[in-house]
Amino acid sequence: MTKRTRALLGSLAAAAMISFAPVTASADGYWQCVPFARLMSGIQIFGDARTWWSQAAGKYDTGSVPKIGSVLSFKPTARMNLGHVAFVSQVLTDRVIQVTHANWSIIEGDRGQIEKDVTVVDVSPEGDWTQVKVWYDPIRDLGSSVYPTNGFIYQDAQAMKIAMATSKIAMAQNAVVSAAKQAANQVASSVRSSPLDIISQAADSTDRIAALIEAAANGSSNDANNKQNAPR
């Protein structure tokens, strides 16, 4: 299986969970990062994001190596005093990952939004994931701010079971939605782009994202060398 295929499968699984998530734990479509990260990962930690790292001690393994299914814990800052947590949905290189998280970017003027598979780059001098840059949707690029992080909180067996169960339920519901969409697409096919056109557009989008990730990876080396820490 190619890396691109594995990434696509990971994205599909995450998308299925996202489609289910607002039904179970969100009010009026507004998501906080903590309940969303808990739902996605199955990691049973409660309280503000800034407390997750200390709460994980003795309960979950932690470390500085990114793994799919883990949660990246952000330290609190003056502008983000409650901290932040993000579910690791893909590991692209040892210094570039993608996260699926909530309540980060302002999207169409609103907070509390879910963002799927957004790029996070390790810019720490030692390559130990203690400083990162994060994709910021309003500028469609990595923000210039450098965020301090604690590291990754890893799933245990119970967390994996919880996340898997949630994913199965989500994908079952997603299948029903998908069937309805397919029926609607067949009815409207005469006034829409051909399937080949749609596939071509999707491929072009994927290639653009890949180019952004490559640029981010190259930029992270320069950031680490220059030890930049400029505010956004």
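## Some points on the overall build of the protein chain
Part 1 of the argument: When helices and strands are counted, the protein chain shows 5 helices and 8 strands.
Part 2 of the argument: Counting from the amino terminus, the protein chain carries its helices and strands in the arrangement α-α-α-β-β-β-β-β-β-β-β-α-α.
Part 3 of the argument: Buried positions account for 39% of the 232 residues belonging to the protein chain.
Part 4 of the argument: Summarising the internal contacts of the protein chain: among those between residues at least 6 apart in sequence, 55% fall at separations of at least 24.

## Considerations on unusual backbone geometry
Part 1 of the argument: Within the chain, Glu108 stands out as a residue other than glycine whose phi angle is a positive 50 degrees.
Part 2 of the argument: Mapped onto the elements of the fold, Glu108 is located in the loop between strand E4 (96–102) and strand E5 (114–122).
Part 3 of the argument: We classify Glu108 as exposed; its relative accessible area is 78%.
Part 4 of the argument: Despite not being glycine, Arg140 shows a phi value in the positive range, around 55 degrees.
Part 5 of the argument: In this structure, Arg140 sits in the loop between strand E6 (131–136) and strand E7 (141–142).
Part 6 of the argument: For Arg140, a relative accessible area of 51% translates into the label exposed.

## Quick look at the pairing of strand E2 (residues 71–74)
Part 1 of the argument: The alternating pattern of E2 places Val71 and Ser73 and Leu72 and Phe74 on opposite faces, both of which are buried.
Part 2 of the argument: Taken together, the 4 bridges between E2 and strand E3 (residues 84–91) define a ladder with antiparallel strand orientation. Bridge pairing in E3 links Ser73 to Val85.
Part 3 of the argument: One ladder, built from 4 bridges, connects E2 with strand E8 (residues 147–153); its direction is antiparallel.

## With respect to the packing of aromatic side chains
Part 1 of the argument: Taken as a whole and judged by the stated rule, the model has 5 aromatic pairs.
Part 2 of the argument: Between the aromatic rings of Phe74 and Tyr147, the centroid separation amounts to 6.4 Å while the plane-to-plane angle is 70 degrees, which identifies the pairing as edge-to-face. Placement of the pair is Phe74 in strand E2 and Tyr147 in strand E8, with a sequence separation of 73 residues. Both residues of the pair, Phe74 and Tyr147, count as buried.

## Comments concerning the environment of Glu115
Part 1 of the argument: Mapped onto the elements of the fold, Glu115 is located in strand E5.
Part 2 of the argument: Along the sequence, Glu115 and Ser105 sit 10 residues apart, while their C-alpha atoms lie 8.1 Å from each other.
Part 3 of the argument: A polar contact is formed between the side chain of Glu115 and the side chain of Ser105, at a distance of 3.0 Å.

## Some remarks on the pairing of E5
Part 1 of the argument: Within E5, 7 of the 9 residues are buried, leaving the element largely enclosed by the surrounding structure.
Part 2 of the argument: Pairing of E4 with E5, which is carried by 6 bridges, proceeds in the antiparallel orientation. Within the sheet, the bridge partner assigned to Val99 lies in E5 and is Val118.
Part 3 of the argument: Bridging between E5 and E6 involves 3 bridges; their strand directions are antiparallel. Looking across to E6, one finds that Asp122 is bridged to Val132.

Parameters at a glance
Residues numbered from 1 in each chain as written. Predicted model: local features only at pLDDT ≥ 70, side-chain atom pairs only at ≥ 80, totals over all residues. Heavy atoms only, no water. Helix = DSSP H or I, 4+ residues; strand = E, 2+ residues; numbered from the N terminus. Buried < 20%, exposed > 50% of the residue type's maximum accessible area, 1.4 Å probe, protein only. Contact = heavy atoms within 4.5 Å. Pairing = 2+ DSSP bridges. Phe/Tyr/Trp six-rings, centres within 6.5 Å; stacked < 30°, edge-to-face > 60°. Polar contact = N/O pair within 3.5 Å; in protein donor to acceptor, adjacent residues only side chain to side chain.

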